[in-house]
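In case you want the letters, here they are:
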Amino acid sequence: MEWSWLVASLSVLAVGFLFVHADQLPQGFISIDCGAVVDSVDLNNEIPYKSDKNLINSGVSAQISPEFADYSLQYRNLRSFPEGVKNCYTLRPETGKNNNYLIRAFFIYGNYDGKNSTPVFRIYLGVNLWDTITADDFTIEAIYMAPTDYIDVCLVNIGSGVPYISALELRPLPNSVYRTDPQQFMARWTRRDVGGEDKFRYPQDIDDRIWRPYSDSSLNKIQTDADITHTSNDPYKLPELMLKTAHGTLNSSIPFVYEWTPEEASSLFYFCFHFAEIEKLASSVREMSIVLNDIHTIAQSVILQYLIPQTICSTSAGLPVNLNQQNYLRISAASGSDLPPIVNGFEIFYIRNLSLSPTFLHDVNAVMDIKETFKLLNSEWQGDPCLPEFSVWNGLNCSDSNPPRIISLNLSRSKLTGEIPFSISDLTQLETLDLSYNDLSGPLPEFLAQLPLLKILNLTGNNLGGTVPEALLVKSRDGVLNLRVADNPELCLSPPCKKKKKKVSILPVIIAVVGTVILIIACLVLLLIYKRSKKKKSMKSMEEKISLKQKHREYSYSEVVSLTNNFKDIIGEGGFGKVYKGALKDKTLVAVKLLSSTSKQGYKEFQTEAQLLMIVHHRNLVSLVGYCDEGNTKALIYEYMVNGNLRERLSETSTNALSWNERLQIAVDAAHGLDYLHNGCKPTIVHRDLKPANILLDDMMQAKISDFGLSRTFQVENQSEILTQLAGTPGYFDPESQTLGHLNKKSDVYSFGIIIFELITGSPAITRSHNGNSIHLLDWVGPVMKKGNIEDVVDMRINAEVNNNSARRMGEIAMSCTHPNGDQRPDISVVLEELKECLATKNSFRKL
Ligand SMILES: *[C@@H]1O[C@H](CO)[C@@H](O)[C@H](O)[C@H]1NC(C)=O
Ligand SMILES: *[C@@H]1O[C@H](CO)[C@@H](O)[C@H](O)[C@H]1NC(C)=O
Ligand SMILES: *[C@@H]1O[C@H](CO)[C@@H](O)[C@H](O)[C@H]1NC(C)=O
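Keep in mind that this is a model prediction, so the values were computed, not measured.

A closer look at the overall build of the protein
The secondary structure content of the protein amounts to 16 helices and 45 strands. Evaluated residue by residue, the protein yields a buried proportion of 50% over its 848 residues. For the protein, the exposed surface amounts to about 41200 Å²; the carbon and sulfur share of it is 55%.

Shown next, in the form of structure tokens:
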């Protein structure tokens, strides 16, 4: 009774154990049945294969044609990739990176597409070329120390047919076996069981290597029934089945020779020979040497021990072989040994370089997270983001460093929703981020300001809310970052931000409607009155214009050549081209601005615009005397300004510093000029690039604004000019209008405010600190202004003569002009009045 109970429970235990065993083994194996609808099991060895339906989003599954049905189940399906250059499986072995793996891929074409023509394509292991698949029933194998926790196996279309794959396998190997240079991996050429009968793999080989029999009837076949002694010192875990058979030569003077003709592109090979003495020898021991092509000694002396496995591999990082020629491996009895050589098994590999490193890991993880977050099932987003270089993920740009880094991410118009993902902050080399025209919501995150190299940030046309982080605005103002956030209705550029509209009760609505109607009527009445009064004025200005037109005219190219004395005297170089000194026939000096015409079409409507600009006439604007529009030559001819520009006069190297009074006068003059452009001209002219270099001084030290009206007209043609022109000049360019993408009068007022600060301090808008960082004038003047210590920042050269009240007054005007919100900046006409007052006060001080 008791015994039978014990036996029964033991057998239950044993069955349970077997089940667990079968479930657990093979440890760490990954086996993928590509294109299969359901999982399957190989009936020969019970290895389970997983369908790839959840492992890859691209490709289509297919089945080989019925006449090939004798293939095992896992080879009867396949996945083909008619779309995309690169399609990848990503293997994630349990033991992760820096471990040794055997990876195998099977390609059974089996006329699945009915075309009876095997495609030719490439397969990459990670970012490095593994092999070219050229024939039906192709198996390739690599032994690979993975540098990452994941291993991409990518099929690459090279234009010779649709890539496909039948099965993919990964087997862990001990790290000590088959090792060469870490910069290389090995691809199998052949693996032979010498003297064996049949092909075998797992479970006979615990590491699931596939062994094919090798037999040679001219040799002696040797075999044993004795058990192989497995010592602890057997890292190769050689299968007994392979070791128990061998071939030996007829006598000791005949070597064992293996001949083969490699056709591989790689001319470096790696060899392993496996031995165990399986003949019971009376006294002597078998001793052998191994030589490649009679030149390279792989082993000087191999001494076999009875039933003990031994592996000899070539030690150097690949031995050279002769491509497309016969090569010979010779195993000979060592001199003095009278026993013939025997061989139990051998493996031959060719070496592949791992010269390319995969993209920097943090970058990969970041874009993988972005792909995940936005559910980008884009077929191009597979495998390594940057490599091979012909298959960079679309929307990305990478540096060509090793490892590559992601430097640009452009997901404009990609139907993105949700918040801007935090993982973007890991793309630390990012220079360009374009997420424009999506449906992104949530805040504009602060971390974007921490990306040290970011130069372009375009978030136009989304649904972002909250405020733009101060740090981004500062970068934009300093010209470090091209920031675009227009068309985000809920986004506020800088506080105070309007609160979201609350529910409106009906009464205020009625009041508002009635109010609006009254307002409209009032406006109409006012407009009528205004129009009447204006009629008289415009009559007068027409007469003025006509008289001007007669003085100003179009010049031919030859005239331009002669008046500039063949472009002899360059006096400047601006955004639009070089400026030459010249003289008209009546000896009037002129400055000729030759527009560099990089674009073939030239500047559209140049003539119309030039004529328009000639009409604009004010004593504080540099007059356009004429223009030239002949063929490719486009030139603008201005009156000549003897005293150069304000920037030169303010620079540290200037010999005659401007006095405080001169500076005040220049500010008033420039404000007059700008007021005329903004409020005197119809339509209004926004300057767009106001800066001290564009404020010129005539012989009477009267300031005149130049280059007005140019950016708008001449930005259209040349792409690079659009960028520079929209960006204006860093330091002077209103961060708000750049960010929102529209320029207006208030942008000019901002630039004007910076100019006033420059007049006070003598320092340019942006200076470089000793460590190369740019520092904006507002960063150091602003805090001083708040403390009321303006005297601390006044230009040293005029410190003695400056009245602090006057300087403080100027500083306050400049502060109001540079308010971050355009709406809160005064109109230039207001600025002008205040400056005039300031000038008057200063003068009255002097009189006292
Ligand atoms: C080894 O075998 C070869 C070929 O059968 C023969 O010619 C040769 O004499 C043999 N050598 C010895 C030492 O027996
Ligand atoms: C992003 O791509 C779109 C077109 O796909 C292009 O118009 C835009 O200029 C690109 N952005 C940048 C910053 O290059
Ligand atoms: C976003 O702005 C950048 C910088 O101005 C520009 O180069 C890019 O073309 C813009 N993107 C689109 C889609 O217009």
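Anyway, onward from the coordinates.
Topic: the site of ligand 2
Surrounding ligand 2, one finds N410, T432 and D434. Within the side chain of N410, one N or O atom sits 2.3 Å away from an oxygen atom of ligand 2. D434 is positioned such that a nitrogen or oxygen atom in its side chain is 2.7 Å from a nitrogen atom of ligand 2. Here ligand 2 loses 38% of its free accessible area of 360 Å² to cover by the protein chains.

Brief notes about the nonpolar core
Counting 90 residues, the largest nonpolar core has I103, F107, W130, Y178 and F271 as the members making the most contacts within it. Lining this core are residues from two domains, each supplying at least three of them: domain 1 (20–173) and domain 2 (189–353). Every residue in contact with Y178, bar those within four places of it in the chain, is listed here: I143, L173, M186, R209, Y236, Y270, C272, E347 and F349. If you look at the next biggest cluster of nonpolar residues, it comprises 70 residues, including L777, V794, V831 and L839.

Points about the site of ligand 3
The immediate surroundings of ligand 3 are formed by S412, D434, S436, I456, N458, N482 and R484. Between ligand 3 and N458, the relevant distance is 2.2 Å, taken from an oxygen atom to a side-chain nitrogen or oxygen of the residue. Summarising the interface, the protein chains cover 64% of the accessible area of ligand 3, which totals 360 Å² for the free molecule. Of all the secondary structure elements, the ones that give two or more residues to the shell around ligand 3 are β32 (456–458) and β34 (482–484). Here the residues of the shell around ligand 3 are counted per class, giving 1 nonpolar, 4 polar and 2 charged.

Quick word on the pattern of salt bridges
The final tally for this structure, using the stated rule, is 36 salt bridges. Between D734 and R825 there is a salt bridge, and its shortest N-O distance comes to 2.8 Å. Pair noted here: D734 is in the loop between α11 (719–727) and α12 (735–740) and R825 is in the loop between α15 (804–817) and α16 (828–847), with a separation of 91 residues, a long-range link. Just as D734 is buried, R825 falls in that class too. The structure contains a network of salt bridges with shared partners spanning R104, E141, E169, R171, R188, R191, R201, D208 and E347.

What to know about the state of the cysteines
If you walk through the whole model with that rule in mind, you get 3 disulfides. Put simply, C88 and C154 are joined by a disulfide, and their sulfur atoms are 2.1 Å apart. Residues C88 and C154 are joined by a disulfide whose S-S torsion is about 105 degrees; by sign, that bridge is right-handed. Of this pair, C88 sits in strand β6 (residues 86–91) while C154 sits in strand β11 (residues 151–160); the two residues are 66 residues apart in sequence, bridging distant segments of the chain. By the burial criterion, C88 is buried, and C154 matches it. Disulfide pairing places C386 opposite C398 at an S-S distance of 2.0 Å. Because the sign of the S-S torsion sets the handedness, a value of about -75 degrees for the bond joining C386 and C398 places this disulfide among the left-handed ones. A residue pair is termed long-range when its members are at least 10 positions apart, and C386 in the loop between α3 (361–373) and β27 (396–398) and C398 in strand β27 qualify at 12 residues.

Comments concerning the pairing of strand β20 (residues 287–292)
For β20, the tally of buried residues reaches 5 of 6 residues, placing the bulk of the element in the interior. The pairing of β20 with strand β21 (residues 296–303) spans 5 bridges and is classified as antiparallel. Bridged to V291 within β21 is T297. Adjacent in sequence and paired antiparallel, β20 and β21 are bridged by 3 residues, among which N293 carries a positive phi angle near 50 degrees. Both β20 and strand β24 (residues 327–333) contribute to a ladder of 5 bridges, which runs antiparallel. Bridging from a neighbouring strand, I290 pairs with I331 of β24.

Considering the sheet that holds strand β25 (residues 342–343)
Pairing is antiparallel across the open sheet formed by 3 strands, whose spatial order is β16-β17-β25. Looking at which strands have only one partner, the edges of the open sheet turn out to be β16 (220–223) and β25. When β16 meets strand β17 (residues 245–248), the two strands line up antiparallel, connected through 4 bridges. Looking across to β17, one finds that N220 is bridged to G248.

Re the pairing of strand β19 (residues 268–275)
Every regular strand shows the same layout, with side chains that alternate between the two sheet faces. With 7 of its 8 residues buried, β19 lies for the most part within the structure. Relative to strand β23 (residues 319–320), β19 runs antiparallel, the two being bridged by 2 bridges. Considered in β23, the bridge of F269 is made with L319. When β19 meets strand β26 (residues 345–353), the two strands line up antiparallel, connected through 6 bridges. Looking at β26, one finds that F271 is bridged to I348. Relative to strand β22 (residues 310–313), β19 runs antiparallel, the two sharing 4 bridges. By the bridge assignment, F275 is partnered in β22 with Q310.

Some words on the side chain of Q74
Among the secondary structure elements, Q74 is positioned in the loop between β4 (60–63) and β5 (77–80). Of note is the side chain of Q74, whose polar atom sits 2.8 Å from the side chain of D42. Apart from the residues lying within four places of it in its own chain, the contact partners of Q74 are D33, S40, D42, Y49, S166 and A167.

Let's talk about α3
Across its 13 residues, α3 extends 18 Å between first and last C-alpha, which sits within 8% of the 18 Å expected from 1.5 Å per residue. Taken as a whole, α3 has its buried residues at D363, V364, A366, V367, I370 and K371. Along α3, the residues classed as buried sweep out an arc of 165 degrees about the axis, all on the same side. Immediately downstream of α3, the backbone of K375 shows phi near 50 degrees, a positive value.

Definitions and limits used
Residues numbered from 1 in each chain as written. Chains lettered and ligands numbered in written order. Predicted model: local features only at pLDDT ≥ 70, side-chain atom pairs only at ≥ 80, totals over all residues. Heavy atoms only, no water. Helix = DSSP H or I, 4+ residues; strand = E, 2+ residues; numbered from the N terminus. Buried < 20%, exposed > 50% of the residue type's maximum accessible area, 1.4 Å probe, protein only. Areas by Shrake-Rupley, 256 points an atom, 1.4 Å probe, with all protein chains shown as cover. Near = heavy atom within 4 Å. Polar contact = N/O pair within 3.5 Å; in protein donor to acceptor, adjacent residues only side chain to side chain. Core = buried A, V, L, I, M, F, W, Y, C linked by side-chain atoms within 4.5 Å. Domains from an automatic or database assignment. Contact = heavy atoms within 4.5 Å. Nonpolar A, V, L, I, M, F, W, Y, C, P; charged D, E, K, R; others polar. Salt bridge = Lys/Arg side-chain N within 4 Å of Asp/Glu carboxyl O. Disulfide = S-S within 2.5 Å. Pairing = 2+ DSSP bridges. Expected span 1.5 Å × (residues − 1). Arc of directions from axis to C-beta.

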